[in-house]
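Okay, here's what each chain looks like letter by letter:
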Amino acid sequence: MSELSITTTQNVKINFIAATVGERISAYLIDSVIKIAYLLMVLWVFYGMLDMDRYMSGLDMWSKGAIFIILFFPLLIYSITLESIFEGQSFGKKLVKIKVVKIDGYQAGFGDYLIRWFFRLIDFDLFNGLIALIAVSSGKKSQRLGDMAAGTAVITLKNKINISHTILEEIGDAYVPTYPLVIKLSDNDMRIIKETFQNAMMKNDHEIIYKLVAKIESVTGIKNQSGNNEDFIRVILKDYNFYTQHM
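Residues numbered from 1 in each chain as written. Predicted model: local features only at pLDDT ≥ 70, side-chain atom pairs only at ≥ 80, totals over all residues. Heavy atoms only, no water.

**What to know about the layout of surface pockets**
One simple way to see leftover space: roll a probe sized like a water molecule over the atoms. So the rule is basically this: Here a cavity denotes a set of grid points, spaced 1 Å apart and computed over the protein atoms alone, in which a 1.4 Å probe fits but from which it cannot get out, and a pocket denotes an open set meeting protein on both sides within 12 Å along at least five of seven lines; residues with an atom within 4 Å of a point are reported as lining. Grid points are joined across faces, edges and corners, and a volume is the space filled by probe spheres set on the points. Each helix is a run of H or I in the DSSP string that is no shorter than four residues. Each strand is a run of E no shorter than two, and both are numbered from the N terminus. Each residue gets one of three labels, nonpolar for Ala, Val, Leu, Ile, Met, Phe, Trp, Tyr, Cys and Pro, charged for Asp, Glu, Lys and Arg, and polar for the others, Gly among them.
Considering only enclosed or pocket space, the second largest pocket measures out at about 430 Å³ in volume. Arg24, Ile25, Tyr28, Phe124 and Ala132 are, among the 24 residues lining the second largest pocket, the residues nearest its centre. Secondary-structure elements contributing two or more residues to the lining of the second largest pocket are helix 1 (21–49), helix 4 (78–85), helix 7 (120–125) and helix 8 (130–138). Broken down by element, the residue count for the lining of the second largest pocket peaks at 8 residues, all from helix 1. Across the lining of the second largest pocket, the residue classes break down as 11 nonpolar, 5 polar and 8 charged.

The following block contains the structure:
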């Protein structure tokens, strides 16, 4: 498995595992089954039940072509539409639990999905997907040509590192920080603080938490104003996240 290191807008590196060839093929096959099901439904309803051939017999070639495009257009835009709506996932990707992301840490947008969609002609339609298979299998980031052009990658969500495993803390827009001196700490310092704090909480080890607070105070010059060591560390984590977002 290839590991991808994505740097977020807060300069935090989060490691993801690139989706395997098998996962991507599985998602592709699921999406293909859905497309085939839609195709068969259209043929059954419009050409079987409604007998479209009889109604179209008197139409010119352009009119027949327009009706054909309208009926089968959803198949053409299937991937780009769903990836745009579900932020990098089609139905197949959702079931397999993989997702398209930007390799620079930003959320992929419509333009990125559009580039990937254009390159499907080369990646999948030419040589029956052989080009995509070779590119994904041989590349360090498991990217097909469309991913390389769009600056995206497909990751597995099964092993995604959750926000609780990084230095990031969820804060609201109205959050007011308490300790400005927290910016003396580095990203690595905050990772160590958070991991140590979480481990101590799980073990109910108050001595470790006390020592952690003392270390933070000695390094930064911050004094615990809350009187509660656990609350103090939680505020430190949130304050650091606040200042790194607004610097």
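Continuing now.
**Looking at the packing of aromatic side chains**
For clarity, the threshold we go by: Two rings from Phe, Tyr or Trp (for Trp, the six-membered ring) form a pair when their centres sit within 6.5 Å of each other. Planes less than 30 degrees apart are called stacked, planes more than 60 degrees apart edge-to-face, and all others tilted.
Scanning the entire structure with this criterion turns up 7 aromatic pairs. Among the aromatic residues, those joined into a cluster by ring pairs are Tyr78, Phe86 and Phe91.

**Focus on the nonpolar core**
Condition: Residues belong to one nonpolar core when they are buried, are Ala, Val, Leu, Ile, Met, Phe, Trp, Tyr or Cys, and are joined through side-chain atoms within 4.5 Å. Exposure categories follow from relative accessible area, calculated using a 1.4 Å probe and restricted to protein chains: below 20% of the type maximum is buried, above 50% is exposed, and the middle band is partly exposed.
Ranked by internal contacts, the top residues of the largest apolar core, which has 19 residues, are Ile193, Phe232, Ile233 and Ile236. For this core, the secondary-structure elements that each account for two or more residues are helix 10 (187–203), helix 11 (206–220) and helix 12 (229–246). When residues of this core are assigned to their parent elements, the largest contribution, 7 residues, is made by helix 12. Counting residues in each nonpolar core, the second largest holds 9 residues, with Ala19, Ile80, Val96 and Ala108 among its members.

**Comments concerning the packing of helix 1 against helix 8**
As a reminder, the rule being used: To obtain an axis, a line is fitted to C-alpha atoms, over the contacting stretch when the element is a helix, and the angle between two such axes runs from 0 to 180 degrees between their N-to-C directions. Angles are sorted into four bins: roughly parallel if under 35 degrees, roughly antiparallel if over 145, roughly perpendicular if 65 to 115, and oblique for all others. Whether two residues touch is decided by their heavy atoms; if any such pair falls within 4.5 Å, the residues are in contact.
The contact between helix 1 and helix 8 brings their axes to 10 Å, and the two run at 150°. On the basis of their axis angle, the class for helix 1 and helix 8 is roughly antiparallel. Of helix 8, the residues touching helix 1 (which contributes Val21, Arg24 and Ile25) are Leu133, Val136 and Ser137. Grouping the amino acids of the contact of helix 1 with helix 8 by side-chain chemistry returns 4 nonpolar, 1 polar and 1 charged.

**Side note on the side chain of Thr156**
Here Thr156 is to be found in strand 4 (residues 152–156). Excluding its chain neighbours within four sequence positions, the residues that come into contact with Thr156 are Ile17, Ala18, Ala19, Glu23, Lys97 and Ile98.

**A few points about unusual backbone geometry**
Within the chain, Glu87 stands out as a residue other than glycine whose phi angle is a positive 55°. Structurally, Glu87 is set in the loop between helix 4 and helix 5 (91–96). Taking the relative accessible area as the measure of exposure, Glu87 reaches 44% and is therefore partly exposed. Of note in this structure, Lys97 is not a glycine but carries a positive phi near 70°. Structurally, Lys97 is set in the loop between helix 5 and strand 3 (98–102). For Lys97, a relative accessible area of 47% corresponds to the partly exposed category.

**Structural notes on the pairing of strand 4**
As a reminder, the rule being used: Strands qualify as paired when DSSP identifies two bridges or more between them.
With respect to burial, strand 4 is a largely interior element, 5 of its 5 residues being buried. Burial along strand 4 is two-sided: Thr152, Val154 and Thr156 facing one way and Ala153 and Ile155 facing the other are all buried. As paired elements, strand 3 and strand 4 share 5 bridges and run antiparallel to each other. The residue of strand 4 that forms the bridge with Val100 is Val154.

**Focus on the environment of Ser90**
In this structure, Ser90 sits in the loop between helix 4 and helix 5. Taking the C-alpha atoms as reference points, Ser90 and Ser79, 11 residues apart in sequence, are found 6.2 Å from one another. Not counting the four nearest positions on each side in its chain, Ser90 is found in contact with Asp31, Tyr78, Leu82 and Glu83.

**Notes on the packing of helix 4 against helix 6 (residues 110–118)**
Operational definition: We call a crossing left-handed when the near helix sits turned anticlockwise from the far one by less than a right angle, and right-handed when that turn is clockwise.
At a minimum axis separation of 9 Å, helix 4 and helix 6 run at an interaxial angle of 155°. Regarding the angle of helix 4 to helix 6, the classification is roughly antiparallel. When the axes of helix 4 and helix 6 are compared, the crossing they make is right-handed. On helix 6, the residues touching Ser79, Ile80, Glu83 and Ser84 of helix 4 are Phe110, Tyr113, Leu114, Arg116 and Trp117.

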